[in-house]
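# Breakdown of the fold
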Amino acid sequence: VQDAASSPGPGPRGDEGSQRRRREEICQILGQIQAPLSPLLLRLCHWLLPKLLTRVFLGVQLHRGQLEMVLRAARTPEVPLVFLCSHQSPLDGPLLSFLLLSQGVGLPRVAVSARTSPRLRSLLQRLGGIFLPSGLAPTWSERDEGLPGAVLDAFVQEVLRSRQPLVLFLEEPSAFVRLAEPARRWLLRLLRALRDGAVPDALLVPVGIAYDVAP
């Protein structure tokens, strides 16, 4: 981030006004990615979500043996968990977040599609949702991505270092079964974090969510 922020830009290089504008730009990009978590909203959703699920579903089945493997993996020191998920419904994110939190894995950071309203985006960020910032280079590009790419790289590295579970959806709901464009961008950040040694390793957990009838 420092390298990208110190790159030449408009105005005299290195002056105080230019540095202040760069700091403001970094904060703006970070605000597009995430927001501080709201304990009040988290408690409210943790109380409301089971009531909503009982109205939407007749039951939720969870493979206990696989859950035990995930809980053992979560206790591995200094190794973050990254959940790579299929995507069938907009309820996938809240459902998976509730299951991981209720089972003691922790509150995950969930990558959310950018196609949401500003109000919903703000709400989801307060509940752990993260978004891609605007102005990124084409997928898998190794060229300089400027400040948005540098801030996103640093954010993903910090999430992994703090061992917060990270949830990435590999496809879009109601789309062809192929790797979605946002998933490519998040996976690129994960690969860079491992390549640069931000964390020694990461445990990748494949997750399949299926519905009798997708809501």
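Above this note sits the structure.
The structure displayed is predicted, hence computed values, not measured ones.

## Some points on the overall build of the protein
A count of helices and strands for the protein gives 8 helices and 5 strands. Secondary structure elements of the protein occur, N-terminal to C-terminal, as α-α-α-α-β-α-β-α-β-α-β-α-β. When the 215 residues of the protein are sorted by exposure, 42% land in the buried category. Considering only residue pairs separated by 6 or more positions, the protein has 74% of its internal contacts joining residues 24 or more positions apart. For the protein, the computed accessible surface area is about 12800 Å², with 57% contributed by carbon and sulfur atoms.

## Observations concerning the nonpolar core
Counting 24 residues, the largest nonpolar core has Val82, Leu152, Leu160, Leu168 and Trp186 as its most contacted members. Elements with a minimum of two residues in this core: α2 (16-33), β1 (81-85), α7 (146-161), β4 (166-169) and α8 (181-195). Considering each element in turn, this core owes the most residues, 7 residues, to α7. Non-local contacts of Leu168, meaning those with residues more than four positions away in its chain, are made with Val82, Phe83, Leu84, Cys85, Ala111, Trp186 and Leu187.

## Section: unusual backbone geometry
Of note in the backbone geometry, Glu78 takes a positive phi value of approximately 60° without being a glycine. Inspection of the secondary structure puts Glu78 in the loop between α4 (64-74) and β1. Owing to a relative accessible area of 59%, Glu78 belongs among the exposed residues under this scheme. A positive phi angle is found at Arg163, which is not glycine, with a value near 60°.

## Quick word on α4
Inspection of α4 places Leu67, Val70, Leu71 and Ala73 among the buried residues, and these make up the whole buried set. In a view along the axis of α4, the buried residues occupy a sector of 160°, so they form one face of it.

## Re the pattern of salt bridges
By the definition in use, this model includes 6 salt bridges. Ionic pairing is found between Arg189 and Asp153, a salt bridge with its closest N-O pair at 2.9 Å. Placement of Arg189 in helix α8 and of Asp153 in helix α7 is noted, with a sequence separation of 36 residues between them. Taken individually, Arg189 and Asp153 each receive the classification buried, so the pair is uniform in this respect.

## Points about the pairing of β4
Burial along β4 is two-sided: Leu166 and Leu168 facing one way and Val167 and Phe169 facing the other are all buried. In the sheet, β1 pairs with β4 via 4 bridges, with the strands oriented parallel. Its bridge partner lying in β4, Cys85 is registered against Phe169. Two strands pair when backbone bridges link them, and strand β2 (residues 109-111) and β4 are joined in this way by 2 bridges, in the parallel orientation. For Arg109, the partnering residue across the bridge sits in β4 and is Leu166.

## Digging into the environment of Val82
Tracing the chain through its elements places Val82 in strand β1. Sequence-wise, Val82 and Leu160 are 78 residues apart; in three dimensions their C-alpha atoms are separated by 8.7 Å. In this structure Val82 touches Leu160, Leu166, Leu168, Leu190, Ala202, Leu203, Leu204 and Val205, once residues within four positions along its chain are discounted.

## Brief notes about the packing of α2 against α7
At their nearest, the axes of α2 and α7 sit 10 Å apart, and the two run at 60° to each other. Taken together, α2 and α7 sit at an angle that is classed as oblique. Crossing handedness for the pair α2 and α7: right-handed. The residues of α7 that touch α2, namely those facing Arg22, Glu25, Ile26, Ile29, Leu30 and Ile33, are Leu147, Pro148, Val151, Leu152 and Phe155.

## Side note on helix α5 (residues 92-102)
Burial runs high along α5: 8 of the 11 residues are buried. Residues Asp92, Gly93, Leu95, Leu96, Ser97, Phe98, Leu99 and Leu100 constitute the buried set of α5. In the core, the buried residues of α5 are packed alongside α3 (39-56), β1, β2, β4 and β5 (203-207). Two residues or fewer past α5, Gly104 is found with a positive phi of approximately 85°.

What counts as what
- Residues numbered from 1 in each chain as written.
- Predicted model: local features only at pLDDT ≥ 70, side-chain atom pairs only at ≥ 80, totals over all residues.
- Heavy atoms only, no water.
- Helix = DSSP H or I, 4+ residues; strand = E, 2+ residues; numbered from the N terminus.
- Buried < 20%, exposed > 50% of the residue type's maximum accessible area, 1.4 Å probe, protein only.
- Contact = heavy atoms within 4.5 Å.
- Areas by Shrake-Rupley, 256 points an atom, 1.4 Å probe, with all protein chains shown as cover.
- Core = buried A, V, L, I, M, F, W, Y, C linked by side-chain atoms within 4.5 Å.
- Arc of directions from axis to C-beta.
- Salt bridge = Lys/Arg side-chain N within 4 Å of Asp/Glu carboxyl O.
- Pairing = 2+ DSSP bridges.
- Axes fitted to C-alpha atoms, helices over the stretch in contact; angles between N-to-C directions.
- Parallel < 35°, antiparallel > 145°, perpendicular 65-115°, else oblique.
- Left-handed = near helix turned anticlockwise from the far one by under 90°.

Just geometry here; none of it tells us what the structure is for.
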